[in-house]
Amino acid sequence: MNLKILPLLLSLPVLSLSGAIKIGVMPKITGIEYFNAVERGAKAAGVELGVEVVFDGPVTNDVAKQSALVETWIARRFDAICIAPNDADAIAPALRKARARGIKVVTYDSDAQPAARELFVNQATTAAIGKAMIDSVARNVGPEARYIILTGSLTAANQNNWMEEMEKYRRQHFPKMENLSPTAKVTDEDQALATQVAIDSLKAYPNLQAIVAITSVALPGAAEGLMKAGVGGRIFLTGLSTPRSMSPYVKSGVVPEVVLWSPEDLGYLTVQAAVQLVRKEITSGSRELAAGKLGTKAIVNREVLLGVPLIFTKANIDDYNF
Amino acid sequence: MKTRAEFFQREAVLALVIIAIGAAFSLSVPGFLDPLSLADRSRHWVETGLVAIPMTFIIASGGIDLSVGSLLALAMMVSGRLHAAGWPLPVVMAGSLLTGWAGGLFNAAMIRALRLPPLVVTLATLALFRGLAYGLSGAQPVGAWPDVFTDWGSIGAWRISGGWEIPWGVLILLGAVAAGTALFHRHALGRRARQLGENPTAARYAGISAMRTELAIYGLAGLACGLGAILWTARFATAHPGAALGLELDVIAVVVIGGTRITGGAGSVPGTFLGLLLLGLLRYGLDVTSVSQQDQNILVGILLVIVAIFNERWALQHRRA
Amino acid sequence: MASIPLLEIRGLSKAFGGAQALDTVSLEFRAGEIHGLVGENGAGKSTLIRCCTGIVAPDEGKFLWDGKLVGINGIGPARGLGIRAVQQEAEFFPDLSLAENLMHASGNSPGNPAWLDWREMNASGQKALRAFGLEFPAEASAMSLSVGQRMLAEIAACVAQQSRLLFLDEPTAALSVRESEELFAHLLRLRAAGTAIVLVSHRLDEVLRLADRVTVMRDGRVAATGVRGEFDRSRLVREMVGRDMGEPVAAVRPQAGETILRLEDFSDAGGRFEQVSLELRAGEIVGLYGLVGAGRSDLAQAVVGLRPARGRRVLRGKAFVPAGPAEALRAGVVLVPEDRRSEGIFPTHACRENITVPWLHRFSRAGFFPVRRERRLAEDIARRLHTRYADIDQPIVTLSGGNQQKLILGRWLATDPAVLILDEPTRGIDVGAKAEVHAEIRELAARGKAVLVISSDLSEVLQLGDRVDVLCSGRIAGSFRREEASETGVMNAALPEAKNIPGGGELQRPGNKRLAAAGRELSTFGALILLVAALTVLCGRDFASVENLLGVLAAASLVSIAAAGMAHVLIVGGIDISIGSMLGLTGALAGTAAVRGLSPGLAVGLGVVLGAALGAGNATAAFWGRIHPIVVTLAGIYVFRGLMLRFTGGYEVGGFSPAFRALTEGTLLGAPKVVWIAALVHAGNAWFLNRTLWGRRLYAVGGSEKAAVYSGIGLARTRLQAFAVCGGMVGLTAVLWGAYYGKIQSNTGVGFELQVIAAAVIGGCAVTGGRGRALGVVAGSILVAVVYNALILLRISSYWQGVFVGLLILAAAALDRWIRHRMGNETR
């Protein structure tokens, strides 16, 4: 019976084009808009640079599956591995292994332990993202706004860093602003849960004025929640997400402003960095990176910075196709 | 008529299939047999294998344990808290094992004392243990484990010649398979578990204590979770409350593929180990040939059903003759 | 009345394995006559009934109905002719009401099958009962009745069905005098109305009093048949016993030694036997004879602690109160149970393993045993008992019954017990094997064991017993020494007479037990109300506002719809853990169709159809492949999710039209639409589960598979229906999910199965099948949603919610268990 599967296995495409550089790009989780956009950018860079880009990742945001996949890529002798880790510490052993076997490791979107990678491609500095979101709240609600934060999981390094920066920036510039729930509400990258948490939080914090949802899944989920509770537009909602999936909410005024960078550009830049590391055009010690259509990007302290965050509003949201 | 010589035939078929798949992949994919990758890859299946061994006892006894993934996470977070509080490593490890064991005993006690179906009890503890893992840790992973410990888990191995190596975790698993095989096929515990699953009434008349047997096998499953938690922590240098989510599904699939009857009464620990090899090899090969995770899941699901039907037909044929 | 017989049986034969249960039996049953059928246990009476009612297909033989050749190949055709039977052990659906049991047994439905009329069902049930002078309510659950009450109710049902030929197998075994008299009065009335009645009974007085015609069966053949006048009690007994004694009585036996085990005033806590006194001496065989229902096996079980009992047990001068067989075994008292198949063997396990069960530890060190040694020891025993087998490792079920019995005997002999209780040691084995087993039993006594042989085979008891005690209706009705025991004497003592029958005849009212059954739903709601009250106090208006409560209901809605479907699968005794992935797949497919312009109504239809197809696929794979649904649906988790991602390519399905979103968005009369939809679904579900024949059949199949088969309910069809309905509900949930949350994402539905099963179990569905209600599912779903809501309102981290849900499931299941325990008759 199992023999029936064998011919199928044997007929699978055998991807061992000799000589071509192979780059693996791994998202935190497959099947969400944000990483689909990253994939497009990464593939585009691959075509441009004449390298093979494999994009694959876990079906749930599971660091163990990521780690297993990294090790498979090591076995397949990829030249570079680009990854957005679900946990900075837990992914580190696998990445260190890859480096020990001469594979270049680039993290993007969220960092691992710095020792475990060559470069981190940062979409925007954590400070800039934190500032953009707090500024958005202040601009729309006022300097004494009371808000809560919805996050994906309490173990994602980038999200924790953004929240830290938000708090730091708020204390410095808007001392009368208040975060009602010092521990952020968790939504587990699950839109339905995000909706429910948003609805219930309205009850738990009756004097709530704003919600900041800092993942691309939590933000549309929270928007649905506000609409269901009938307070769309009255409770200010902002956060990080892709413009295409947020477009209806922005147009209806439930989410006046969305903060993000271009995930396509992030994927593009990541592959650029990885390929140039492999081709030894740069090292982790280099000062700058010539990133094709994105121009030259600075490398500071082994971090490549994509740029400043973009703010999407009703006026410009249709200009973006991701 | 099933004779002794035929007893291992099913296992032999499984082994042949594994060899065939392995050969097919190694011929078509360069680097498939890379010793280092095989060693790396095998580390990922250690926890599944460790838990699958006692699960073979449990399923053979007519029960099931859905809570193993959650219990592993709970044991991990208890030991994580101990570590964060500054306790030495041996105490931390003992904490993990004890927590796992206690969780397993809790399952067995609920099943016997309240006379509830194992499915309901372990569905409840699936939620309960995971909730405790998150709650006790405040959903925070615990990092900063000593290098000795994490190196042992992530790269430590018994190095044979020619670049071949066997990770310590895999050695532990092999030891557990040997011990599990002896316990299941050569010890009263395995015999009692199978008899309980085959005919609980006859077992009672024959003086077999269901309570003692279940305490032992669910307790063993708990211990395996505790041990798995230690290995997981060492491998990822982190104690993570979300660890081993859905582990129960992989474990049950491995046990069923290995030929253990889901309604109880029959099982095989070597079969379970072969089931683990089959699933692990298939996943590895499919990863290496760039079959996406979701397509792999389709194949694994179909494989599971085919093997289960095959097992049932095989058993029927050999029962009737 | 010498017209054509109603049913004429010609040359009926039936063999089970090697045993010839019926051997060319020819008989006639006439309209307007009561036909008494008597014979020893195992004479073939029950098999005859099962052949005539289509439950068992005969190997050979013909049936003539009203003089015309008919085929009775199934329960349906038999019923069509008007043939009904009340079996010896009435097969009932324990959780269903009496009236409903009667409905399933009858195969007719009151009113429309799609709109069962409960009032009519209860009224007609009550009418049937009252016509029989039975006063207990038809709505009482069958579980709450005594065996006798159930028997009467079932007879009442058959009578109400206007059957033309009615078989009654030992109807009075569990009845009191008064009840029996009432039954007889009815039988006479039926006879006058032209019904043919076949009365099987051990109570010869009854038979002689009522029957117009009498047939005696022996060893699967008709030993004698004729009109009543030709028989008297002594002739009946003679014909039953027969004259050929089979094997010679053994030679003179040695003197019995000291008393090993003594029972004094030993009574069953459940009343199955009373004030039994017995003495077992070393080197002596005591035969205990009794007819069906006399309490033989109950006595044996009580001795080794399997049944609670009162009175004294003295083993070698010391009080002997074992907690169970294990402890009895250690004290040297062993019971070889009656039903080899269900209580004795481990069928697919090796002979070797079956032999060594209770003495494995003898040749083990720290629990480990050398298999080679085990094989040698087992072979020694098998050989000593002259067992025929090919390989000591072959499954025991492949041996003949006689050889199985020898091995089981060998299993216990090897423990070297002081007292051996053998319950029906030769049932269902052939003559040669029987003689060998008997020789072995004598050999045992010769070696100084105290042996008690319990049997309903008169010749066996007489051949083996140094003394014979006779149990009749739970009491010792006679004691004979070997030289004074005669067949007729023993049989006379064993046959109950009217004065021997215990029981005052007062029916217990099942009313309070009914309340306990309803208590299950009440308690879920009770817990809900308590929780709501507590939260109102704790959180005040935050919680107890219309707005928040509606929000909770909205949150519960989607889960509750899927849980309503899951209830069908759980009730029928299955489980489907693939529904999370099924939700994703159907949502993605139907959602994409909607985005491409399919109208919302059709999208809902598409989702339901797709879901139903997937559910039916699960059921088909499970039942066709004969694998447990949990394995199939475990595979479904992987396959459905994989197919979904293959279809979507990893992209979310979203951007639904406002018309589609309007399926669930917005409010109607102040409440969210999704709540209304859920309410509608639950109303429909309540209708289906309570009011349709197809719904009620789920409970029947889940409650008792065997009784369902006797009632002619198709198992496969009913299960397929349950899984398809569950899938359909999940498909509906999926489309509503898309409308409610605005998109279907790759991980939509991951872990959903656990939420749904939890809600169903908390709402009172039993994973073992047979129980669960539409309303309970609603309450369970809301309870879970309230807990989630409360955690956020109380600002408890949502990470603790698993703890609360887990405890809720355990509490609900434990409560369920407790209520059923209170109601009694729980067997598991």
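Here the structure is a predicted model, which is why all the values come from computation and not from measurement.

Reading the values: rules and limits
- Residues numbered from 1 in each chain as written.
- Chains lettered and ligands numbered in written order.
- Predicted model: local features only at pLDDT ≥ 70, side-chain atom pairs only at ≥ 80, totals over all residues.
- Helix = DSSP H or I, 4+ residues; strand = E, 2+ residues; numbered from the N terminus.
- Rg over C-alpha atoms; globule rule 2.2 N^0.38 Å.
- Buried ≥ 20, exposed ≤ 12 C-beta atoms within 10 Å, placed from the backbone.
- Axes fitted to C-alpha atoms, helices over the stretch in contact; angles between N-to-C directions.
- Parallel < 35°, antiparallel > 145°, perpendicular 65-115°, else oblique.
- Left-handed = near helix turned anticlockwise from the far one by under 90°.
- Contact = placed C-beta atoms within 7 Å.
- Nonpolar A, V, L, I, M, F, W, Y, C, P; charged D, E, K, R; others polar.
- Pairing = 2+ DSSP bridges.
- Domains from an automatic or database assignment.
- Expected span 1.5 Å × (residues − 1).
- Core = buried A, V, L, I, M, F, W, Y, C linked by C-beta atoms within 7 Å.
- pLDDT = per-residue confidence, 0-100.

Our focus in this paragraph is the overall build of chain B. Summing up its helical and strand segments, chain B has 15 helices and 2 strands in all. For a compact globule of 321 residues, the expected C-alpha radius of gyration is about 20 Å, and chain B comes in at 20 Å, within 12% of that figure. Structurally, chain B occupies a C-alpha span of about 60 × 55 × 35 Å along its principal axes. A burial count over chain B gives 65% of its 321 residues as buried.

Secondary structure assignment for chain A yields 10 helices and 15 strands. For chain A, the C-alpha radius of gyration of 21 Å lies close to 20 Å, the compact-globule estimate for 322 residues. Seen along its three principal axes, the alpha-carbon backbone of chain A occupies a region of about 60 × 55 × 35 Å. Expressed as a percentage of the 322 residues in chain A, the buried residues total 62%.

Now for the packing of helix H21 (residues 600–624) of chain C against helix H22 (residues 629–648) of chain C. Residues and elements named next belong to chain C. At a minimum axis distance of 9 Å, the contact between H21 and H22 shows a crossing angle of 135 degrees. Between H21 and H22, the interaxial angle falls into the category oblique. Like other packed secondary-structure pairs, H21 and H22 cross with a definite hand, here right-handed. Every residue of H22 that contacts H21 at Leu614, Asn618, Ala621 and Ala622 is listed here: Pro629, Val632, Thr633, Gly636 and Phe640. Taken together, the residues that form the contact of H21 with H22 break down as 6 nonpolar, 3 polar and no charged.

Residue and element names in this part refer to chain A. Here helix H2 (residues 33–49) crosses helix H10 (residues 263–278) at 40 degrees, and the two axes come no closer than 6 Å. As the angle between them shows, H2 and H10 are arranged oblique. Pair H2 / H10 crosses with right-handed handedness. The residues of H10 that touch H2, namely those facing Tyr34, Ala37, Val38, Glu39, Arg40, Gly41, Ala42, Ala44, Ala45, Gly46 and Leu49, are Pro263, Glu264, Asp265, Leu266, Gly267, Tyr268, Thr270, Val271, Gln272 and Val275.

With that out of the way, let us pick up the sheet that holds strand S14 (residues 276–281) of chain C. Residues and elements named next belong to chain C. Sheet architecture is open: 4 strands sit in the order S14-S13-S16-S17, paired in antiparallel fashion. Of all the strands in the sheet, the pair left with one neighbour each is S14 and strand S17 (318–319). Alignment of strand S13 (residues 259–268) against S14, held across 5 bridges, turns out to be antiparallel. Bridging across to S14, Arg262 finds its partner in Glu279.

Moving on to the interface of chain B and chain A. Taken together, the contacts link 38 residues of chain B with 36 residues of chain A. Among the secondary structure elements, those contributing two or more residues to the side of chain B that touches chain A are helix H2 (9–28), helix H3 (35–43), helix H8 (147–154), helix H12 (210–236), helix H14 (269–288) and helix H15 (293–320) of chain B. Residue classes in the side of chain B that touches chain A are distributed as 17 nonpolar, 16 polar and 5 charged.

On the side of chain B, 62 residues touch chain C, which itself brings 69 residues to the contact. Among the elements of the structure, helix H10 (325–331), helix H11 (340–344), H22, helix H28 (752–762) and helix H30 (801–823) of chain C are those that each provide at least two residues to the side of chain C that touches chain B. The leading source of residues in the side of chain C that touches chain B is H22 of chain C, at 14 residues. Tallied by class, residues from the side of chain C that touches chain B come to 42 nonpolar, 18 polar and 9 charged.

This part takes up the domain arrangement of chain A. Residues and elements named next belong to chain A. Segmentation of chain A into domains returns domain 1 (15–123 + 262–307) and domain 2 (126–260). Just the C-alpha atoms count here: the centres of domain 1 and domain 2 sit 28 Å apart. Contacts between the two partners involve 13 residues from domain 1, matched on the other side by 10 residues from domain 2. Top contributing element to the side of domain 1 that touches domain 2 by residue count: H2, with 3 residues. Tallied by class, residues from the side of domain 1 that touches domain 2 come to 6 nonpolar, 3 polar and 4 charged.

What follows is about helix H9 (residues 168–186) of chain B. Compared with an ideal rise of 1.5 Å per residue, which puts 19 residues at 27 Å, H9 of chain B spans 26 Å between its outermost C-alpha atoms and is within 8% of the ideal. Those residues of H9 of chain B lying buried are Gly169, Val170, Leu173, Ala176, Gly180, Thr181, Leu183 and Phe184 of chain B.

This part covers the nonpolar core. Across soluble globular proteins, nonpolar side chains have a tendency to be buried as a group. One finds Leu72 and Leu304 of chain B together with Ile809 of chain C to be the most contacted residues of the largest nonpolar core, which totals 505 residues. With 16 residues, the single largest contributor to this core is helix H19 (residues 546–571) of chain C. Residues in contact with Leu304 of chain B, not counting those within four places in the same chain, are Ala253, Val256 and Ile257 of chain B together with Val631, Leu634 and Ala635 of chain C.

All right, on to unusual backbone geometry then. Of note, the phi angle at Asn301 of chain A is positive, near 55 degrees, even though the residue is not glycine. You can see Asn301 of chain A is positioned in the loop between strand S13 (296–300) and strand S14 (303–305). When the 7 C-beta atoms within 10 Å are taken as the criterion, Asn301 of chain A is described as exposed. Not every positive phi belongs to a glycine, and Leu669 of chain C is a case in point at roughly 50 degrees. Overall, the presence of 6 C-beta atoms within 10 Å leaves Leu669 of chain C in the exposed class.

Before going further, it helps to examine the environment of Lys97 of chain A. Locating Lys97 of chain A in the fold gives a position in helix H4 (residues 92–100). Classification of Lys97 of chain A by C-beta neighbours within 10 Å gives buried; the count is 21. Taking the C-alpha atoms as reference points, Lys97 of chain A and Ala298 of chain A, 201 residues apart in sequence, are found 28 Å from one another. If we ignore the near neighbours within four places in the chain, the residues touching Lys97 of chain A are Glu71 and Ile74 of chain A together with Asp40 and Ile155 of chain B.

The residue Ile299 of chain A is located in strand S13 in this model. Here the alpha-carbon distance between Ile299 of chain A and Ser286 of chain A, two residues 13 residues apart in the chain, equals 6.6 Å.

Our focus in this paragraph is the environment of Val25 of chain C. Residues and elements named next belong to chain C. Considering the arrangement of structural elements, one finds Val25 in strand S2 (residues 19–29). Val25 sits 192 residues away from Met217 along the chain, and the two C-alpha atoms are 9.3 Å apart. Aside from chain neighbours lying at most four places away, what touches Val25 is Ile9, Leu12, Leu48, Arg221 and Val222.

Paired through backbone hydrogen bonds, the strands of a sheet run either parallel or antiparallel to each other. Residue and element names in this part refer to chain C. Strand order in the open sheet made by the 6 strands is S6-S9-S10-S3-S11-S12, with mixed pairing throughout. The outermost strands of the open sheet, each flanked by one partner alone, are strand S6 (83–86) and strand S12 (221–227). Taken pair by pair, the neighbouring strands of this sheet meet at an average axis angle of 15 degrees, ignoring direction. Note that strand S3 (residues 34–39) and strand S11 (residues 213–218) share 5 bridges and pair parallel. If you follow Gly39 over to S11, its bridge partner there is Met217. Its contacts with the sheet put helix H1 (residues 45–52) on S3, S6, strand S9 (165–169), strand S10 (196–200) and S11, and the angle it makes with S9 is roughly 150 degrees.

For the rest of this paragraph, the subject is the confidence of the model for chain A. Chain-level pLDDT for chain A is 87 on average; 94% of the residues reach the 70-or-more range. Under a pLDDT of 50 for its full length, residues 1–18 of chain A has, in the predicted model, 17 contacts with residues more than four places off or in other chains.

So, about helix H24 (residues 673–691) of chain C. Residue and element names in this part refer to chain C. The end-to-end C-alpha distance of H24, which contains 19 residues, comes to 26 Å, matching closely the 27 Å that a straight helix rising 1.5 Å per residue would cover. Inspection of H24 places Lys673, Val674, Val675, Ile677, Ala678, Val681, His682, Asn685 and Leu689 among the buried residues, and these make up the whole buried set. For H24, the elements touching its buried residues are H19, strand S24 (667–668), strand S25 (671–672), helix H25 (693–703), helix H27 (715–741) and helix H29 (774–793).

As a further point, take the confidence of the model for chain B. Residue and element names in this part refer to chain B. Scored by pLDDT, chain B comes out at a mean of 89, with 95% of its residues at no less than 70. Confidence over residues 1–5 falls short of pLDDT 50; this stretch has 14 contacts with residues more than four positions distant or in other chains. For this predicted complex, the interface score ipTM comes out at 0.88, while the overall pTM is 0.85.

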